[in-house]
Amino acid sequence: MKVYFSLFKRFIIRALAREKLRSSFTALGISLGVGVMIAIRLANMSALDSFKTATQSIAGETSIQISGTAGRFDETQLNELDWLRQYGDISPVIEGYALASTRIQDSETGSHESGVRSLESQTGSQKSEVRSQNSNNPLITAEASSIPTTETQSSTSGIATPDARLRTPDFSEFVHILGVDILRDRSLRRYQLLDIGANETEITTRDFLFLLTDAQSIIITEKFARKHHLKIADKLRLTIGDTQREFVIRGMLRDEGPAKTLDGNFILMDIAAAQLAFNRLGYLDRVDVKLKNKITIEQAESAIAGRLPQGLQVTRPSATYNQIEKMIAAFHFNLNALGSIALFVGLFLIYNTIAISVLARREEIGTLRAIGASRRAILALFLGEAILLAIVGTIIGLGIGRLMANFAVRATATTVDTFYIASAATESAAHNSLTWMDALLAFVIALALALVAALMPAMEASRVRVVEALRGAKRLAASFNPSPKTLIIAAILFIAGFVFSRLDAVNGLPLFGYLAAVSLMFGGAFLVPQTLLAACKFLGRGIGKLFRRFAVEAKLASANLRGAIPRVSISVAALSVSLAMMVAISIMIGSFRETVTYWVDQSLVADIFARPIIRSSTTVDSEINDQALAMIKADAAVDAVHAYASQSLTYQGNLISLGSSDFSIFARHGRLLFKSPANGRERMIDAVGKDEIIVTESFALKFKKAVGDTVELATNQGTQQFKIIGIYFDYSSNRGTIAMDKQTHDKYFTPVRPVSLSIYLKPGEDTEAARDRLAQTVGLRFQLIITTNATIRNEVMRIFNSTFAITYALELIAIVVAGLGVISTLITLILERRAELAMLTFLGSSRSQIRRMIVIEALLIGVVSEAIGAIIGTLMSLVLIYVINVQSFGWTIQFSFPLLFLLQSAVAILLVTAIAGLYPAARASRVEVLNYE
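Further remarks concern a positive patch on the surface. Taken together, the side chains of Lys9, Arg10, Arg14 and Arg18 define a basic patch exposed on the protein surface. As for its placement among the helices and strands, arginine 18 is situated in helix 1 (residues 2-18).

Encoded structure:
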């Protein structure tokens, strides 16, 4: 072993040190691939872990939960649940979210006033913290992201009046509020409360209860206090629903248990105060149960479920997390698949590097064999080189991945279901370090693939014959005709891709869709040898007629590449895969953009939209006051108002949205794009007051429903069947939505207030003037964001572009890595053909001619790669659009070919490959004749 390491140091490490640029290219390629893989893994884990931590922290020692089958339930039903005490401790809960901000002293009057963020401040920071809605789609309810241009705050009952002197508050961010009966709840959740205002000693439950007897009292976390320099007795302003209220900080929680929720953005209130603040007097969100030690969860679930009154159900605390994980699993799966492309393309550099090492040191290999080195020892040396490069690249990649993790979290924040992931996950990614499991996974994958990539050239080195090596015998013949078998294999792979594309998803994941894409990629790779041969023939015969000045260089380049097809094919295949992915993603995103643009034009027809200021996620429970709705309807410019209410339900173990509105108003003024039937608007009018519903396409695809089918929902009156009368296109959420007429909803479910308003003006009314008037009279008073149709549309496309930024970044990295491969490939050919290059120089070829020959070779590689990449990429885009996208998210996208963009990309890539050939060309031109005499 000692002899091996000594030989490895002299034979491998010294060579790598001499070829610093080549070694750096290889390490960089591996590190980029590993970095992308680690960044996406950290982003995914941070997103899910932050929500899981929040779920577990809030749950505490809760074993099971009692909740309403159709949302919150009447608290009088708690009296019917006294028998639950025989199973353990119980605690009723109110839970919600608010926007917290401080009050700021006015510099002129000395009084305390309040303000909210201006347009610039909100769009610059609030949106980055809390991107609008759920799912894997960029559009996540446009109203939730649109910010008005002139709002401050409003009038009475603790709400500041508009004043030009008001300034932006010290901070403004979301907090998670938990309202509990502290006497019951302390057995379920461990609150480590400190009286910071006194002597920082832990206080008793009695003192704890005394702190929360005042309806204006709250308890915050130490972390939140430190972050915003708050102390006991300070006042905190909370925007809850349609009002702002001032609360007094009476205590602080240590950073343990529930205090870890939302990265410390947690507030504890008395349950009665929470019911008042959230306008839920007389209602409960759930009842948490901590079972006795001898009772198992399974036993309790079965026994309790059978005794619960109608309208209540038993669940586990982990159910919500599991549903969220299921909802975003497809998105994370797709990101991992895209990230693996960068790693796959980068690792072929290992092949080139080891191949170059073998070619450059054939004489040295022969010498080692002559003095007694075994074939196994030679094989081990070159595999050791691959392992060394993989280790160095992985170490660097771990650092790169750690740095890229924050970008990945922010780039994917618009695509997930809860603002835990948009804000707390960013904090998690910023503070969490790489675990040994992350590092081990990266090393295992990189080393395994590196060994596979290096195996072929390493085996070639082990088979070098002593006499051939010492004589300098050539490895390749002057020409090469690839076997027609490659075309047969390509055809088989294309057929396999078609078959895979026809298969259904597995547990909601498009596994067969990706197998179809992989089959197409490898099918394209097997087309490379024959395509290269055809291109070389055309270059050798036809280019002289078009460009006589470069005819000689073109023929030489053609002959050189034809003789090197076995080696060049691997590099061209890798570059083709990168380009195919770029083409596929570009077509998919272009098609999606065109589809969304059409959907927005057809669906968003209201003049003005309104929504609560804090409603930025489906987890935020904020509704519009009935008085605000009445004031808007009373405005002289308003013709009609469509009020839309929404709540979350569980259907077949999946989270869905249940929407309700006045179908008659929407059918007259609104517009939906119906997938079926064609007369969807008329069917909506007929459904008023009936047990009939319309559903989104994503719901229909996910649950395999069609028009005429029924959906069984748990309601306040027990299980009820609803008939589907229409399926409509919707790109604002992939969770699936059921919409029913308000009369039908209120018959079976607890009535809820609207969460958004679509406002239709009378003909000829000035939209901007109406918006400004409503913002001042209604928006300020009831904490509503009121914005115009044009603002909504612009925001939709902004979110769309930011959502797909990460996919462009992944493809850019893959192409950069493949571009490095072009350089490595040409250097390999130069080393392989040093004798031929010397002979050309001896026969009178100038250095400029040799440089042009190498650049033409680079261009030919680029042309063949682009041709194959364009064909395979187009086929893959069909798989992405019609298979993977549909199975992952339930959206049908209309195919659109971005011809201009792809033409621009083709020209840019040819320029890049030509530029990539300059360094190898310069190196080739410096080959001296005397070296081969």
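Following the structure, the description resumes.
Below, the discussion takes up the pairing of strand 22 (residues 737-741). Taken across its five residues, strand 22 has five buried, putting it largely inside the fold. Inspection of the sheet shows strand 17 (residues 654-661) paired to strand 22 by five bridges, in the parallel sense. Directly across from leucine 658, in strand 22, lies its bridge partner isoleucine 738.

Moving on to the environment of alanine 272. One can find alanine 272 in helix 7 (residues 271-277). Once the C-alpha coordinates of alanine 272 and leucine 212 are considered, the two residues, 60 residues apart in sequence, prove to be 9.8 Å apart.

Turning to the environment of alanine 630, a few remarks are in order. Among the secondary structure elements, alanine 630 is positioned in helix 19 (residues 626-634). Each C-alpha atom of the pair alanine 630 and valine 778 lies 9.9 Å from the other, and the pair is 148 residues apart in sequence.

This part takes up the pairing of strand 15 (residues 608-612). A large share of strand 15 lies buried, amounting to five of its five residues. Bridging between strand 15 and strand 24 (residues 784-788) involves five bridges; their strand directions are antiparallel. Following the sheet pairing, phenylalanine 609 is matched in strand 24 by threonine 787.

A few words on the side chain of threonine 595. Tracing the backbone through its elements, the reader meets threonine 595 in helix 18 (residues 565-603). Looking at threonine 595, the relative accessible area reads 8%, which means it is buried.

The next subject is unusual backbone geometry. Omega for the bond connecting serine 676 with proline 677 falls within 30 degrees of zero, at -5 degrees, which places this linkage in the cis form. In this structure, histidine 229 is a non-glycine residue whose phi angle is positive, near 55 degrees. Classification of histidine 229 as exposed rests on a relative accessible area of 70%. Here glutamine 783, not a glycine, exhibits a phi torsion of approximately 55 degrees, which is positive.

On to the packing of helix 17 (residues 551-563) against helix 28 (residues 847-889). As a packed pair, helix 17 and helix 28 sit with axes 8 Å apart at the nearest point and diverge in direction by 55 degrees. When the interaxial angle is binned, helix 17 and helix 28 end up oblique. In this structure, helix 17 meets helix 28 at a crossing whose hand is right-handed. Residue-level contacts link Glu553, Ala554, Leu556, Ala557, Asn560 and Leu561 of helix 17 to Gln849, Arg852, Met853, Ile856, Glu857 and Leu860 of helix 28. Classifying every residue of the contact of helix 17 with helix 28 by side-chain character gives seven nonpolar, two polar and three charged.

How each quantity is defined
Residues numbered from 1 in each chain as written. Predicted model: local features only at pLDDT ≥ 70, side-chain atom pairs only at ≥ 80, totals over all residues. Heavy atoms only, no water. Patch = residues over 30% accessible without salt bridge, like charges linked within 9 Å, V, L, I, M, F, W, Y side chains within 5 Å. Areas by Shrake-Rupley, 256 points an atom, 1.4 Å probe, with all protein chains shown as cover. Salt bridge = Lys/Arg side-chain N within 4 Å of Asp/Glu carboxyl O. Lys, Arg positive; Asp, Glu negative; His and termini not counted. Charge placed at Lys NZ, Arg CZ, Asp CG, Glu CD. Helix = DSSP H or I, 4+ residues; strand = E, 2+ residues; numbered from the N terminus. Buried < 20%, exposed > 50% of the residue type's maximum accessible area, 1.4 Å probe, protein only. Pairing = 2+ DSSP bridges. Axes fitted to C-alpha atoms, helices over the stretch in contact; angles between N-to-C directions. Parallel < 35°, antiparallel > 145°, perpendicular 65-115°, else oblique. Left-handed = near helix turned anticlockwise from the far one by under 90°. Contact = heavy atoms within 4.5 Å. Nonpolar A, V, L, I, M, F, W, Y, C, P; charged D, E, K, R; others polar.

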